[in-house]
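Structural overview
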Amino acid sequence: MHFKKINTEDYNDCAKNLVSAYAGPPWHNKWTDQEALLRIEATMSGFNSRGYVIENEDTIIAMCIGRIDYYFNNFNQFFIDEFNVIPNQQGFGIGKQLMNFIIDEMKQEKINKIFLITGGESASKFYAKNKFEITNDGFMMELDL
């Protein structure tokens, strides 16, 4: 397996992986390849964007994309927008390996915290196993238009 920073040539493969990763439980999302590609391109378009993939035999099997949020007093956090492992590779520790790689990368950049919002019990269990904690520092809110 090869860990690396994402590049634009990876976006189409990552979009296909996003579609397949979210098609099954617990999400059952019906992404199109075009919607997934737009999600990746938009997320990776900023100067503060970060993305990482794992390749196995020249095939991308896992990805994480997000952005650095900059705050006062040198407090900076990495916000994970998308994190997935293709379905046939789940349950083999690949997600944990990718998370450890990201943690090392963020430490090198002097990032103070990794933050994410997730849904689904199995996803929250994955993050809890990787030392994430549920926080009560705010409220997730939305407004339907």
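Before going into details, it helps to say that this report is about the structure given with it. This one's a predicted model, so the numbers in the text were calculated from it and none came from an experiment. (Residues numbered from 1 in each chain as written. Predicted model: local features only at pLDDT ≥ 70, side-chain atom pairs only at ≥ 80, totals over all residues. Heavy atoms only, no water.)

**A short note on helix H1 (residues 11-23)**
For H1, built from 13 residues, the straight-helix expectation of 18 Å at 1.5 Å per residue is met to within 8% by its first-to-last C-alpha distance of 18 Å. Every buried residue belonging to H1 is among Tyr 11, Cys 14, Ala 15, Asn 17, Leu 18, Val 19, Ala 21 and Tyr 22, and all of these are buried. Of the surrounding elements, those touching the buried residues of H1 are helix H2 (33-43), strand E2 (49-56), strand E3 (59-70) and strand E4 (76-85). (Helix = DSSP H or I, 4+ residues; strand = E, 2+ residues; numbered from the N terminus. Expected span 1.5 Å × (residues − 1). Buried < 20%, exposed > 50% of the residue type's maximum accessible area, 1.4 Å probe, protein only. Contact = heavy atoms within 4.5 Å.)

**With respect to the sheet that holds strand E1 (residues 2-5)**
Ordered in space as E1-E2-E3-E4-E5, the five strands form an open sheet in which the pairing is mixed. Here the strands that pair on one side only, and so sit at the sheet edges, are E1 and strand E5 (113-116). Recorded for the sheet is a direction-independent mean angle of 30 degrees between the axes of neighbouring strands. Alignment of E3 against E4, held across nine bridges, turns out to be antiparallel. (Pairing = 2+ DSSP bridges. Axes fitted to C-alpha atoms, helices over the stretch in contact; angles between N-to-C directions.)

**Regarding a positive patch on the surface**
A contiguous patch of positive charge on the surface is contributed by Lys 96, Lys 107, Lys 129 and Lys 131. Along the polypeptide, Lys 129 turns up in helix H4 (residues 121-129). Exposure remark for Lys 129: the relative accessible area of 67% places this residue in the exposed category. (Patch = residues over 30% accessible without salt bridge, like charges linked within 9 Å, V, L, I, M, F, W, Y side chains within 5 Å. Areas by Shrake-Rupley, 256 points an atom, 1.4 Å probe, with all protein chains shown as cover. Salt bridge = Lys/Arg side-chain N within 4 Å of Asp/Glu carboxyl O. Lys, Arg positive; Asp, Glu negative; His and termini not counted. Charge placed at Lys NZ, Arg CZ, Asp CG, Glu CD.)

**Comments concerning the nonpolar core**
Formed by 23 residues in total, the largest nonpolar core has its most connected members in Phe 78, Ile 80, Phe 83, Leu 98, Ile 102 and Met 106. Where this core is concerned, the elements lending two or more residues are E2, E3, E4, helix H3 (94-108), E5 and H4. At six residues, the largest contribution of residues to this core is made by H3. Not counting residues up to four positions away in its chain, the partners in contact with Leu 98 are Phe 3, Tyr 52, Ile 54, Ala 62, Met 63, Cys 64 and Phe 83. Judged by nonpolar contacts, the second largest core, of 15 residues, contains Ala 15, Val 19, Met 44 and Ile 60. (Core = buried A, V, L, I, M, F, W, Y, C linked by side-chain atoms within 4.5 Å.)

**A short note on the packing of aromatic side chains**
Applying the stated criterion to the full structure yields ten aromatic pairs. Note on Tyr 52 and Phe 101: the rings are 5.8 Å apart at their centroids and 80 degrees apart in plane angle, and the pair reads as edge-to-face. One end of the pair, Tyr 52, is in strand E2; the other, Phe 101, is in helix H3, and 49 residues separate them in sequence. Geometrically, the ring pair formed by Tyr 71 and Phe 75 is tilted, given 6.1 Å between the ring centres and 45 degrees between the ring planes. Exposure remark for Tyr 71: the relative accessible area of 43% places this residue in the partly exposed category. Exposure remark for Phe 75: the relative accessible area of 30% places this residue in the partly exposed category. Through a chain of ring-to-ring contacts, three or more aromatic side chains come together here, namely Phe 83, Phe 126, Tyr 127 and Phe 132. (Phe/Tyr/Trp six-rings, centres within 6.5 Å; stacked < 30°, edge-to-face > 60°.)

**Looking at the pattern of salt bridges**
Counted according to the given criterion, the structure contains seven salt bridges. Salt-bridge contacts for Arg 67 lead to Asp 69; the nearest nitrogen and oxygen are separated by 3.7 Å. Classification of Asp 69 by relative accessible area gives buried; the value is 17%. The structure contains a network of salt bridges with shared partners spanning Arg 39, Arg 67, Asp 69, Asp 81 and Glu 82.

**Some points on the packing of H3 against H4**
The interhelical angle for the contact between H3 and H4, taken along N-to-C directions, is 50 degrees, at an axis separation of 11 Å. Taken together, H3 and H4 sit at an angle that is classed as oblique. Our pair here, H3 against H4, has a crossing hand that is right-handed. Residue-level contacts link Gly 95, Lys 96 and Met 99 of H3 to Phe 126, Tyr 127 and Lys 129 of H4. Of the residues contributing to the contact of H3 with H4, the split by class is three nonpolar, one polar and two charged. (Parallel < 35°, antiparallel > 145°, perpendicular 65-115°, else oblique. Left-handed = near helix turned anticlockwise from the far one by under 90°. Nonpolar A, V, L, I, M, F, W, Y, C, P; charged D, E, K, R; others polar.)

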